[in-house]
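Close look at the chain arrangement
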Amino acid sequence: YDLDYEIVFTITGSSSAKITAGSESLLGRIIDRNMLPLKFSETIKMKRECGDIDLEMEHQKNKHIMKSSFEKAIKQENPEELYRAFTKNTSFLRNDKSKIKPELERYLKRGGYPRIIQKEIEDGLDLDYASRKLENDAEKAIQKDASEIYDVSPEKLMKIAIFIADNTAQKLVKSSLSDFVGVAGSTAARYVDHLEEAYIIHRSKHYSNSAASSERKQQKSYIWDPGFRNAIVGSL
């Protein structure tokens, strides 16, 4: 880099914890790209580009319209802009509803891991394959990679992941979490931090105009991918 060679090194891996642990910052010489599981709209785009689904409307364009309308509604404290966009999109979606609904049901079961979706495009939906793949990935990511990097109990780390998966999108009550796992509150909080650093979960703060109020309120926790969540709780 310092000698201006036209060379770019791409370093990839499925374990973000292992990639970032103990690495130098390489300030000014590195660009991070975190590749998360696909969102539902991204799975539709992938399947559409592969010719696996034929839709009439331009979903990417309408997604941007919805996002822009949502931002305006928040900034202007006026939901009418968002309501109009929803009404317009509902009429656009009507022709594609019969095709999109089963895709949504699939997504809520097997999630958005590209390899699983690629196999689905090639060979059709195989929930047994998706279940085995995701369960193996969950065990590797939580019980092996994360527990080794952070030097924590793999069993307790998995129990915390199971608790959050079973209560995803709910408020993260630290006392309930520590009781469920059988560790001190500070230890449970540290384990949750590790799961977030490993991109297994993410947390959402309470929305408030007051930063202090937002910090005081309990956060909600989510598993990044619905298929991964289902694999952790054994419901795929």
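Let us look at the structure shown here.

Cut-off values and rules
Residues numbered from 1 in each chain as written. Predicted model: local features only at pLDDT ≥ 70, side-chain atom pairs only at ≥ 80, totals over all residues. Heavy atoms only, no water. Axes fitted to C-alpha atoms, helices over the stretch in contact; angles between N-to-C directions. Helix = DSSP H or I, 4+ residues; strand = E, 2+ residues; numbered from the N terminus. Left-handed = near helix turned anticlockwise from the far one by under 90°. Contact = heavy atoms within 4.5 Å. Nonpolar A, V, L, I, M, F, W, Y, C, P; charged D, E, K, R; others polar. 1 Å grid on protein atoms, 1.4 Å probe; cavity = no way out; pocket = protein on both sides within 12 Å on 5 of 7 lines; lining within 4 Å. Points joined across faces, edges and corners; volume = space filled by probe spheres on them. Buried < 20%, exposed > 50% of the residue type's maximum accessible area, 1.4 Å probe, protein only. Arc of directions from axis to C-beta. Phe/Tyr/Trp six-rings, centres within 6.5 Å; stacked < 30°, edge-to-face > 60°. Lys NZ or Arg CZ within 6 Å of the ring centre and 35° of its normal. Core = buried A, V, L, I, M, F, W, Y, C linked by side-chain atoms within 4.5 Å. Polar contact = N/O pair within 3.5 Å; in protein donor to acceptor, adjacent residues only side chain to side chain. Pairing = 2+ DSSP bridges.

A separate point is the packing of helix α2 (residues 40–49) against helix α6 (residues 114–123). Between α2 and α6, whose axes approach to 11 Å, the crossing angle comes to 35 degrees. You can see that α2 and α6 cross each other, and the crossing is right-handed. Between α2 and α6, the residues in contact are T43, M46 and K47 and P114, I117, Q118, E120 and I121, respectively. Class assignment for the residues of the contact of α2 with α6 results in four nonpolar, two polar and two charged.

Moving on, we come to empty space enclosed by the protein. Over the atoms a probe the size of a water molecule is rolled, and this reveals where empty space is left. Counting across every chain of the model gives one cavity of 30 Å³ or more. Approximately 50 Å³ is the volume found for the largest cavity. Lining the largest cavity, in full, are R110, I116, K119, E120, G124, L125, D126, Y129 and A130. No other element matches α6, which puts three residues into the lining of the largest cavity. Its residues assigned to classes, the lining of the largest cavity shows four nonpolar, one polar and four charged.

The topology assignment puts A189 in helix α10 (residues 185–197). For A189, a relative accessible area of 23% corresponds to the partly exposed category. Placed 134 residues apart in sequence, A189 and L55 show a C-alpha to C-alpha distance of 45 Å.

In an α-helix there are 3.6 residues to a turn, and that puts residues three or four apart on one side. Along helix α9 (residues 174–181), the residues classified as buried are L177, S178 and V181. Seen end-on, α9 carries its buried residues on one side only, within an arc spanning 95 degrees. Turning to α9, the residues buried within the fold contact α8 (154–166) and α10. Phi for G182, located one or two positions after α9, is positive at around 85 degrees.

On to the packing of aromatic side chains, then. Tallied over the entire structure, the rule returns three aromatic pairs. The ring of Y129 is capped by K119, whose NZ or CZ atom sits 5.0 Å from the centre of that ring. The aromatic ring of F180 is capped on one face by K159, whose charged end is 5.1 Å from the ring centroid.

This part is about the nonpolar core. In terms of nonpolar packing, the biggest core is built from 31 residues, with I142, I160, I164, L177, L195 and F228 touching the most fellow members. Mapped by element, the contributors of at least two residues to this core are α7 (127–150), α8, α9, α10 and α12 (226–233). Excluding anything up to four places from it in sequence, L177 contacts I160, F163, L172, A188 and V192.

Let's shift gears to the side chain of K47. If you trace the backbone, K47 turns up in helix α2. Classification of K47 by relative accessible area gives buried; the value is 1%. In this structure the side chain of K47 is engaged in a polar contact, spanning 3.1 Å, whose partner is the side chain of E103. Filtering out sequence-adjacent residues up to four positions away, K47 remains in contact with D52, I53, E103, R106, R110, I117, E120 and I121.

Strand order in the open sheet formed by three strands is β1-β3-β2, with antiparallel pairing between adjacent strands. Here the strands that pair on one side only, and so sit at the sheet edges, are β1 (170–171) and β2 (201–204). In this sheet, strand β3 (residues 220–223) lies alongside β2 in antiparallel orientation, the contact comprising four bridges. Each residue of the ladder has a partner; that of H202, found in β3, is Y222.

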